[in-house]
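Below, each chain spelled out in residue letters.
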Amino acid sequence: MPKVIMIQGTMSGAGKSLIAGALCRIFTQDGYKTAPFKSQNMALNSFVTSDGFEMGRAQVMQAEAAMREPDVRMNPILLKPTSDVGSQVIVNGKPIGNMTAKEYFSKKTELIPHIMEAYNSLLEENDIIVIEGAGSPAEINLKTNDIVNMGMARLAKSPVLLVGDIDRGGVFAQLYGTIALLEKREREITKGLIINKFRGDVSILQSGLDMLYELTEKPVLGVIPYTNADIDDEDSLTERFEQRDIKNGIDITVIRLPRISNFTDFTPFECIPGVSIRYVSRPRELGEPDMIILPGTKNTMGDLKWLRESGLEAAICRKAGSGVPVMGICGGYQMLGRIIADPENTEGGGSIRGMGLLDTETVFKSGKTTTRVSGRIIATGGIFSALNGIRIDGYEIHMGCTASKGEPLAEITDNNGNIKPDGLCSGNVYGTYVHGIFDNEEAVKVIVEALMERRGIDYSDIDSFDMRLYKQRQYDILADTVRNSLDMKTIYDITEQGI
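What you see is a predicted model; the values in this text were computed from it and never measured.

### Some details on the overall build of the chain
Inference 1: Helices and strands together make up the secondary structure of the chain, namely 16 helices and 26 strands.
Inference 2: Compactness check: the chain gives a C-alpha radius of gyration of 23 Å against a globular reference of 23 Å for 499 residues, within 12% of the reference.
Inference 3: Over its C-alpha atoms, taken along the principal directions, the chain stretches across nearly 70 × 50 × 40 Å.
Inference 4: Counting only contacts in the chain whose residues sit at least 6 apart along the sequence, the fraction spanning at least 24 positions is 73%.
Inference 5: Here the chain has roughly 20000 Å² of accessible surface; of this, 49% comes from carbon and sulfur atoms.
Inference 6: Each charge sign in the chain was given a centre, from 54 positive and 67 negative side chains, and these centres are 4 Å apart.

Shown next as structure tokens:
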């Protein structure tokens, strides 16, 4: 009979996603067919599956840890914030419209049939399901009609493990306060506690662990040390955005847009010796980069206005004029053009002048493109001319269409077998709609080698870089750390006993 375990947290960023991913890897290593599941995820980091459906990157990470192909059933509801009070609502991989938080709160129970259909079909195909919650189960103002924490645990009849983050401080209060605010039945199905991100000697925690057990009657199943495994983060809380230091080598600068999405596009560069990736949000932080990247965004027009008002647009244009290569991905590509129009009020209506670095015009439409693509780069000049002919694989997630004058950057084929042009190159300015373009090791090597050659830096070390092997090693490091820190026998017993 299939088994299930759920990971909930005392707060956002407690480590739910990584611990769920680690358990997916551990169960898979132990011979169980395992799948992750999160009924509702709020994130701007998304992914397109092989059949053209959009889902959250956290469940993609967990699927990779379980050595499974990402499947939209693992994340049937995805909320992509478009403002501080509203989100695009994606159900079973396709958008159903934008809603304010209040509108979604009143309608979310209508989505339970979609959640349970996805969950039950995964349950039929797997030995163990690892469910991830969201935020905290003790957010008492949001508990009505909950479908992602204890509400999901009840629907799935799943035991719960509660994770607290000691790195932020107050972990005993986090865990005790959360348990105290749970209803009696919710406390009963919470079978154990986990302390995450600990630095130091675990023995100094013992008196606190003993008192925590006396207060909650819940065993602490382990203390997980702070781990440096390089695993994709949740976008809103990632520590990658805080990177400011420039290592000895080349400096690649990513513009940290207010609604930045899919920043995981750039993590392959972080794995290469001698490459620094920095996220900047002010002109004075720009410095003297070797390359500037404009990333994707969930609000292209709003973020372009911010770019203009902040002074970064002018700074980027000056750098491009001096020969610094600039690349735009998805929304960043749209910004690089001459004009963006929104006749159907997709992002608030009207039109806005673009940065003018590429000869393109973008028109937003209500339909959304979500497709896997593959192809090859066919027209690059400037410093990255050696990219010509390199094959690429990735995915498109965007609203609107872009018309360009000039040779396209790439020729790609989508899920439906349609062959189409993508992007544009003008001197050292490049644009593309393809997320994941840097997952191709050969493309990354060409870019890094060209930048290092310009700086007179030896780049022989990057020839041995293998992104896929690197990622698998990181999942093993994470799993080993968590396995050695948790009472896995008790966790297996909890999955056997259920609730």
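### A closer look at helix H4 (residues 112-125)
Inference 1: Taking 1.5 Å per residue, 14 residues should reach 20 Å; H4 reaches 20 Å between its end C-alpha atoms and fits that length.
Inference 2: Inspection of H4 places Ile 115, Met 116, Ala 118, Tyr 119, Ser 121 and Leu 122 among the buried residues, and these make up the whole buried set.
Inference 3: Buried positions along H4 lie against strand S1 (3-9), strand S2 (34-37), strand S6 (77-81), strand S9 (128-132) and helix H5 (150-156).

### Examining the side chain of His 398
Inference 1: Residue placement: His 398 occurs in strand S22 (residues 391-404).
Inference 2: Reaching out from His 398, the side chain makes a polar contact with the side chain of Glu 396 at a distance of 2.7 Å.
Inference 3: A polar contact of 3.2 Å, which involves the side chain of His 398, links it to the backbone oxygen of Gly 400.
Inference 4: Beyond its immediate sequence surroundings of up to four residues, His 398 is in contact with Cys 330, Gly 367, Lys 368, Thr 369 and Tyr 433.

### Describing the sheet that holds strand S11 (residues 190-198)
Inference 1: In spatial order, the strands read S2-S9-S1-S10-S11-S12; together these six strands make up an open sheet with parallel pairing. At either end of the open sheet lies a strand with only one pairing partner, and these are S2 and strand S12 (220-225). For this sheet, the mean inter-axis angle between neighbouring strands, taken without regard to orientation, is 20°.
Inference 2: In this structure, S11 lies alongside S12, joined through four bridges in parallel fashion. When the sheet's bridge partners are listed, Phe 198 is paired in S12 with Pro 225.

### What to know about the layout of surface pockets
Inference 1: Taken as a whole, the second largest pocket encloses approximately 720 Å³ of empty space.
Inference 2: Together, 32 residues line the second largest pocket, and Phe 47, Glu 64, Asp 439, Arg 468 and Lys 471 are the ones closest to its centre.
Inference 3: If you tally residues by element for the lining of the second largest pocket, the top one is helix H15 (residues 467-485), at seven residues.
Inference 4: Here the lining of the second largest pocket is composed, by residue class, of 10 nonpolar, nine polar and 13 charged.

### Description of the sheet that holds strand S18 (residues 326-329)
Inference 1: Taken in spatial order, the six strands of this open sheet run S15-S13-S16-S18-S26-S25, and their pairing is mixed. Strands with a single pairing partner mark the edges of an open sheet, and in this sheet they are strand S15 (275-280) and strand S25 (424-426). Shown here is a sheet whose adjacent strand axes are inclined to one another by a mean of 15°, direction ignored.
Inference 2: In the sheet, strand S16 (residues 291-294) pairs with S18 via three bridges, with the strands oriented parallel. Residue pairing in the sheet places Ile 292 in a bridge with Val 326 of S18.
Inference 3: Packing of helix H12 (residues 312-321) onto the sheet brings it into contact with strand S13 (250-255), S16, S18 and strand S26 (429-432), and relative to S16 it is tilted by some 135°.

### Observations regarding H12
Inference 1: Burial in H12 covers these residues: Leu 312, Glu 313, Ala 315, Ile 316, Lys 319 and Ala 320. One side of H12 carries all its buried residues, which in axial view fall inside an arc of 165°. Facing away from the buried side of H12 by more than 90 degrees, the exposed set consists of Arg 318 and Gly 321.
Inference 2: Positive phi appears at Gly 323, one or two residues downstream of H12, with a value of about 105°.

### Quick word on the packing of aromatic side chains
Inference 1: Taken as a whole, this structure holds eight aromatic pairs when the rule is applied.
Inference 2: Between the aromatic rings of Phe 37 and Tyr 119, the centroid separation amounts to 5.4 Å while the plane-to-plane angle is 65°, which identifies the pairing as edge-to-face. Taken together, the residues Phe 37 in strand S2 and Tyr 119 in helix H4 connect sequence positions 82 residues apart.
Inference 3: Phe 37 gets classed as buried once you look at its relative accessible area, which sits at 0%.
Inference 4: Given the relative accessible area of 2%, Tyr 119 is considered buried.
Inference 5: Residue placement shows Arg 199 over the ring face of Tyr 226; its charged tip is 3.8 Å from the ring centre.

### Side note on the pairing of S13
Inference 1: Most of S13 is tucked away, with six of its six residues classed as buried.
Inference 2: Going residue by residue along S13, you find Ile 250, Ile 252 and Val 254 tucked away on one face and Asp 251, Thr 253 and Ile 255 tucked away on the opposite face as well.

### Quick notes on the pairing of S15
Look at any regular strand and the pattern is simple: side chains alternate between the two faces of the sheet.
Inference 1: The buried fraction of S15 is high, at six of six residues.
Inference 2: A two-sided burial pattern is seen for S15, the buried positions comprising Val 275, Ile 277 and Tyr 279 on one face and Ser 276, Arg 278 and Val 280 on the other.
Inference 3: When S13 meets S15, the two strands line up parallel, connected through six bridges. What sits directly across from Ile 255, in S15, is Val 280.

### Here's the deal with empty space enclosed by the protein
Inference 1: Considering all chains together, one arrives at two cavities of 30 Å³ or more under this definition.
Inference 2: Its volume calculated, the largest cavity comes out at about 180 Å³.
Inference 3: Lining the largest cavity are 16 residues, with Thr 297, Lys 298, Ile 397, His 398 and Met 399 sitting closest to its centre.
Inference 4: Sorting the residues of the lining of the largest cavity by element identifies helix H13 (331-335), strand S21 (360-377) and S22 as the ones contributing at least two each.

### Digging into the nonpolar core
Inference 1: Formed by 67 residues in total, the largest nonpolar core has its most connected members in Ile 255, Phe 269, Leu 307 and Phe 438.
Inference 2: Here this core gets eight residues from one element, more than from any other, and that element is helix H14 (residues 441-455).
Inference 3: Residues in contact with Phe 438, not counting those within four places in the same chain, are Asp 265, Phe 266, Pro 268, Phe 269, Ile 293, Met 327, Ile 329, Val 444 and Ile 447.
Inference 4: Listed in part, the 47 residues of the second largest apolar core include Met 6, Val 48, Ile 129 and Ile 195.

What counts as what
- Residues numbered from 1 in each chain as written.
- Predicted model: local features only at pLDDT ≥ 70, side-chain atom pairs only at ≥ 80, totals over all residues.
- Heavy atoms only, no water.
- Helix = DSSP H or I, 4+ residues; strand = E, 2+ residues; numbered from the N terminus.
- Rg over C-alpha atoms; globule rule 2.2 N^0.38 Å.
- Contact = heavy atoms within 4.5 Å.
- Areas by Shrake-Rupley, 256 points an atom, 1.4 Å probe, with all protein chains shown as cover.
- Lys, Arg positive; Asp, Glu negative; His and termini not counted.
- Charge placed at Lys NZ, Arg CZ, Asp CG, Glu CD.
- Expected span 1.5 Å × (residues − 1).
- Buried < 20%, exposed > 50% of the residue type's maximum accessible area, 1.4 Å probe, protein only.
- Polar contact = N/O pair within 3.5 Å; in protein donor to acceptor, adjacent residues only side chain to side chain.
- Pairing = 2+ DSSP bridges.
- Axes fitted to C-alpha atoms, helices over the stretch in contact; angles between N-to-C directions.
- 1 Å grid on protein atoms, 1.4 Å probe; cavity = no way out; pocket = protein on both sides within 12 Å on 5 of 7 lines; lining within 4 Å.
- Points joined across faces, edges and corners; volume = space filled by probe spheres on them.
- Nonpolar A, V, L, I, M, F, W, Y, C, P; charged D, E, K, R; others polar.
- Arc of directions from axis to C-beta.
- Phe/Tyr/Trp six-rings, centres within 6.5 Å; stacked < 30°, edge-to-face > 60°.
- Lys NZ or Arg CZ within 6 Å of the ring centre and 35° of its normal.
- Core = buried A, V, L, I, M, F, W, Y, C linked by side-chain atoms within 4.5 Å.

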